[in-house]
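The lines below spell out each chain.
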Amino acid sequence: EPEVTQTPSHQVTQMGQEVILRCVPISNHLYFYWYRQILGQKVEFLVSFYNNEISEKSEIFDDQFSVERPDGSNFTLKIRSTKLEDSAMYFCASKVQLTTRQETQYFGPGTRLLVL
Amino acid sequence: KQEVTQIPAALSVPEGENLVLNCSFTDSAIYNLQWFRQDPGKGLTSLLLIQSSQREQTSGRLNASLDKSSGRSTLYIAASQPGDSATYLCAVRYGSSNTGKLIFGQGTTLQVKP
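Here is what the cut-offs are and how they apply
Residues numbered from 1 in each chain as written. Chains lettered and ligands numbered in written order. Predicted model: local features only at pLDDT ≥ 70, side-chain atom pairs only at ≥ 80, totals over all residues. Heavy atoms only, no water. Contact = heavy atoms within 4.5 Å. Buried area = accessible area lost by both parts, 1.4 Å probe. Salt bridge = Lys/Arg side-chain N within 4 Å of Asp/Glu carboxyl O. Polar contact = N/O pair within 3.5 Å; in protein donor to acceptor, adjacent residues only side chain to side chain. Helix = DSSP H or I, 4+ residues; strand = E, 2+ residues; numbered from the N terminus. Nonpolar A, V, L, I, M, F, W, Y, C, P; charged D, E, K, R; others polar. Pairing = 2+ DSSP bridges. Axes fitted to C-alpha atoms, helices over the stretch in contact; angles between N-to-C directions.

S.K.: Go over the interface of chain B and chain A, please, and point to the residues and values.
M.R.: Each side of the interface is counted separately: chain B has 24 residues, and chain A has 22 residues. When the two sides are added together, the surface that chain B and chain A hide from each other amounts to roughly 1800 Å², 53% of it contributed by carbon and sulfur. At the surface where chain B touches chain A, the tally comes to one salt bridge. Two residues, glutamate 56 of chain A and lysine 101 of chain B, come together in a salt bridge whose shortest N-O distance is 3.2 Å. Run the count over chain B and chain A and you get six residue pairs in polar contact (both at pLDDT 80 or more). By residue number, the principal contributor to the side of chain B that touches chain A is strand E4 (residues 30-38) of chain B, which donates five residues. Broken down by class, the residue content of the side of chain B that touches chain A amounts to eight nonpolar, 13 polar and three charged.

What follows is the structure, encoded as structure tokens:
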């Protein structure tokens, strides 16, 4: 069964460094998302992406964050200058479209980011 | 503010028991509601999605119900097994979002004892 994949599974970085988290959504999906979960807290929406542009972003998604779909398969989240509070599990999700029958979002296994 | 709340935060039951997990949401104008399972340190596995026009959805031993008017959903697990031990998350797509973003509850951590 097709699944969303994410790399790396774990990343440790120094504060102020740039990180790029990578995701390969399910191939026929059109809507892409990034969420994060700080340890012990709720899963939080970061950004949604459709038709090669951001369709919605949360307050968390400030100028330090960017997303890109550089080719037909990858979807990336870049954090330009990491902060300690960016330490979290980052989940990528995708779905086919927004119609009633195709609403299920499929999540990847996550990338655990630790900022030291 | 559109929020999702899950009670209880944790639940421990003996194997074989039927159980109910609760989810409440603050705004009845939801588009759909999705239940996920999360194993420790892992990703989210979708269990059931229930549309705003539906009252319930079933998959195997799982049954999810939705009552928009009261702002509640329940996930019923029949004949629980140790393998059901995990955190169960409820997530809502509100009608005001045309991008499909989900708002999550904090989860209920279930332990099923053999």
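S.K.: Tell me what's going on with the sheet that holds strand E8 (residues 72-77) of chain B, and back it up with residues and numbers.
M.R.: All names here are of chain B. The sheet built from five strands is open, its strands ordered E1-E3-E8-E7-E6 with antiparallel pairing. Of all strands in the sheet, those bounded by a partner on one side alone are strand E1 (4-7) and strand E6 (56-59). In this sheet, neighbouring strand axes are inclined to one another by 15 degrees on average, regardless of whether the strands run parallel or antiparallel. Pairing analysis gives six bridges linking strand E7 (residues 62-67) to E8, with the strands arranged antiparallel. Opposite alanine 64, over in E8, you have leucine 75 as the bridge partner.

S.K.: Outline the sheet that holds strand E1 (residues 5-7) of chain A, supporting the account with residue identities and numerical values.
M.R.: Residues and elements named next belong to chain A. What the four strands build is an open sheet, ordered E1-E3-E8-E7; its pairing is antiparallel. The open sheet terminates on both sides in strands that have one partner only, identified here as E1 and strand E7 (65-68). The sheet shows a mean angle of 20 degrees between the axes of neighbouring strands, direction not considered. Across three bridges, E1 lies against strand E3 (residues 19-24) in antiparallel orientation. Bridge assignment links glutamine 6 to a residue of E3, and that residue is cysteine 23.

Worth remembering: the numbers are spatial, not functional.
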